[in-house]
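Okay, here's what each chain looks like letter by letter:
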Amino acid sequence: MARVAVIGGGLAGLAAAAALAARGFGVTVVESRRRLGGRASSFPDPASGQLVDACQHASMGCCTNLDHFFATVGVSGLLARQPKLNFVTPDRRKSVFKADPWPAPLHLGRALLGAHYLTPAEKVRVGLGFAALLRESPDADPPLKDWLLRHHQTERTIARFWGVVLVSALNETVDRLGLKYARKVFVDGFLRHRDGFVVHLPTVPLGRLYSDELRGWFARHGVEFREGVAVRDLVSTRSGISHLTMRDGTTITADWYVLAVPFERVLDLLPGELAADPYFAGVANLEPSPITSVHLWLDRPVTPLQHAVLVDCLGHWVFNRGEVAPGEFYLQVVISATRDLSALGNDEIGSRVAAELGRLFPEMARARVLRSKVVTERTATFSAVPGVDRWRPPQGSPVPNLAVAGDWTATGWPATMEGAVRSGYLAAEAILTRAGRPERVVRPELWEARSPGEP
Ligand SMILES: Cc1cc2nc3c(=O)[nH]c(=O)nc-3n(C[C@H](O)[C@H](O)[C@H](O)COP(=O)(O)OP(=O)(O)OC[C@H]3O[C@@H](n4cnc5c(N)ncnc54)[C@H](O)[C@@H]3O)c2cc1C
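All values reported here derive from a predicted model rather than from experimental measurement.

**Section: the site of the ligand**
Right, so step 1: The full set close to the ligand counts 33 residues, and Glu31, Arg39, His57, Ala58 and Asp407 are the nearest of them.
Right, so step 2: Arginine 33 is positioned with one of its side-chain polar atoms (N or O) 3.4 Å from an oxygen atom of the ligand.
Right, so step 3: Within the contact set of the ligand, a nitrogen atom lies 2.7 Å away from a backbone nitrogen or oxygen of alanine 58.
Right, so step 4: When the free accessible area of the ligand is taken as 1,000 Å², the share hidden by the protein chains comes to 93%.
Right, so step 5: For the shell around the ligand, the secondary structure elements donating two or more residues are helix H1 (11–21), strand S2 (26–31), helix H9 (263–269), strand S19 (369–382) and helix H13 (417–434).
Right, so step 6: Built from parts of two domains, the shell around the ligand gets at least three residues from each of domain 1 (3–41 + 204–286 + 390–449) and domain 3 (288–381).

**Here we look at empty space enclosed by the protein**
Right, so step 1: On inspection of all chains with the given rule, the structure shows one cavity of 30 Å³ or more.
Right, so step 2: Residue contributions to the lining of the largest cavity peak at three residues, all from strand S18 (residues 328–336).
Right, so step 3: The residue makeup of the lining of the largest cavity, split by class, is six nonpolar, two polar and one charged.

**Some thoughts on the domain arrangement of the protein chain**
Right, so step 1: Per the domain assignment, the segments of the protein chain are domain 1 (3–41 + 204–286 + 390–449), domain 2 (100–191) and domain 3 (288–381).
Right, so step 2: One C-alpha centre belongs to domain 2, the other to domain 3; they are set 26 Å apart.
Right, so step 3: Counting residues at the interface gives 10 residues for domain 2 and 14 residues for domain 3.
Right, so step 4: Summed over both partners, the interface of domain 2 with domain 3 comes to about 890 Å²; 52% of that surface belongs to carbon and sulfur atoms.
Right, so step 5: Sorting the residues of domain 2 by area buried against domain 3 places Val164, Ser168 and Asn171 first, and these three jointly supply 53% of that buried surface.
Right, so step 6: Inspection of the region where domain 2 meets domain 3 yields two salt bridges.
Right, so step 7: On inspection of domain 2 and its partner domain 3, the count reaches six residue pairs in polar contact (both at pLDDT 80 or more).
Right, so step 8: Split into classes, the residues belonging to the side of domain 2 that touches domain 3 amount to four nonpolar, three polar and three charged.

**Focus on the environment of lysine 94**
Right, so step 1: Following the sequence through the fold, lysine 94 ends up in strand S8 (residues 94–97).
Right, so step 2: Between the C-alpha atom of lysine 94 and that of valine 311, which follows or precedes it by 217 residues, the distance is 9.8 Å.
Right, so step 3: Leaving out residues up to four positions away in the same chain, lysine 94 has contacts with Asn86, Phe87, Val88, His116 and Leu305.

**Quick notes on unusual backbone geometry**
Right, so step 1: In this structure, the amide linkage connecting alanine 104 to the following residue, proline 105, adopts the cis form with an omega of 5°.
Right, so step 2: Relative to the assigned elements, proline 105 resides in the loop between S8 and helix H3 (109–113).
Right, so step 3: The phi angle at asparagine 171 is positive, at roughly 50°, despite the residue not being glycine.
Right, so step 4: Of note, asparagine 171 is situated in the loop between helix H6 (155–170) and helix H7 (179–191).

About the cut-offs
Here, residues in each chain are numbered from 1, in the same order as that chain's written sequence. For this predicted model, a pLDDT threshold of at least 70 governs which residues receive local features, and a threshold of 80 or more governs which side-chain atom pairs are given and counted, while totals over whole chains, interfaces and linings are taken from all residues. Hydrogen atoms and water are omitted, and side-chain values are computed over all heavy atoms in the structure. Nearness of a residue to a molecule or strand requires only that one of the residue's heavy atoms be within 4 Å of it. Between N or O atoms, a polar contact is any pair within 3.5 Å; within protein, one atom must be a potential hydrogen donor and the other a potential acceptor, and residues adjacent in sequence are included only when both atoms are from side chains. Computed by Shrake-Rupley with a 1.4 Å probe, the accessible areas treat only the displayed protein chains as cover when residues are assessed. Comment: elements are numbered from the N terminus, with helices defined as DSSP H or I runs of at least four residues and strands as E runs of at least two. Domain ranges listed in this record stem from an automatic or a database domain assignment. Cavities and pockets were defined on a 1 Å grid built over protein atoms only: a cavity is a set of grid points that admits a 1.4 Å probe from which the probe cannot escape, a pocket is an open set flanked by protein on both sides within 12 Å along at least five of seven lines, and lining residues are those with an atom within 4 Å of any such point. Grid points are joined across faces, edges and corners, and a volume is the space filled by probe spheres set on the points. Side-chain classes are defined by residue name, with Ala, Val, Leu, Ile, Met, Phe, Trp, Tyr, Cys and Pro counting as nonpolar, Asp, Glu, Lys and Arg as charged, and the others, Gly among them, as polar. Any two residues having at least one pair of non-hydrogen atoms within 4.5 Å are treated as being in contact. Once two parts are joined, some of their accessible surface, as seen by a 1.4 Å probe, is lost; buried area is that loss totalled over both. We define a salt bridge as a side-chain nitrogen of Lys or Arg found within 4 Å of a carboxyl oxygen belonging to Asp or Glu.

Below is the structure:
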């Protein structure tokens, strides 16, 4: 049986492992932490013992490979569809964004017309922007802000509409983004299929996704996990990677290798001559973008909303997880692209977010904060600046027995869970092709797979 060593147990590594194990490869996953899931995971909160997400993660209906991976390993039932999104402004007004029973792209027309935070003239501008987006080539990637200003948008429509969606979806500010992935968010998520925009949220802490069901599936497919063991080096000969050396001095030998670590770790693990190869070296040009999440445990519920998208606020999303322990009500506020907030420090960000929640939800004035925590992930995602794809390598590397995976590789997607799973499936495709068994592993897009209206 051909052996594969997968380095990194995030979604990219797990997806590559699942695809290859299902096709008869003997797979070992090496993960430096003592848990799976990488960035999309949880940590045990020392204060309560509760499993807390480093940051709430959301996916959308257009994430067909992520859906497929979760269904394969048996955890789809731990996520819930959110067919209605609540958009809330500082004056406490709310617009509910939901689809009408009309075919895409008309299904969201009435929801856009009902948005209380845009004037009628601004809604016309946004409509013109959508029409222009559809006319653009999917690969065009000029600076987004200039493009928006050239296509009927104003600072206000950018701040109150385009930015509200894009800063969260792409974890970058509009003035730094390129057009390509902004277009993709709107076209795939809002315009091409009725289900594309439907947000999927785990109903459990993310860490729970990687427990009994997933581990059971991998065990049945013969996958071995080595957790808490970091790879130090990939050792190469002229014919390819010969083995891995671990930080504890042991080695692992396989026929095939999948390197599925975050982009900022890649070059350190490679031998010098490979790190200098232009295929790998371009990774050094990817820039990280941070995300901050503010976690609050309160003594009472302060809003009936399960989630809210915040317009014109410091926070971008509020997730309300309800009563997580007797008498403890948990809210998480996510702020994306927090580069400009780094000088404030976590404590100040936490106080400002708590004050903002007080303005949005009056019940907050009566609530007591039992505990709070602010987490900033400095290298949360790569920044989707104009032309970023020239630094993202395809999964089949120049080394014959090495594939790479990770949300930063060339997937055609931004840095997301969907991008990570896609990269893992593409890495499996690269190995299958080189093993003389070419096969399509990546799933069809939503609009190719299902007819409109089908769940
Ligand atoms: C705060 C935050 C919020 C986010 N929100 C969302 C969201 O709402 N929706 C969404 O779709 N995406 C979101 N993302 C992005 C998403 O989490 C990532 O795109 C995805 O999880 C990346 O998966 P990956 O497998 O490519 O990388 P990772 O998850 O980083 O996995 C790489 C793994 O490699 C391991 N590793 C590193 N070095 C070694 C080594 N030497 N030896 C062995 N193992 C090693 C790491 O420990 C890690 O487990 C968010 C990310 C962050 C940080």
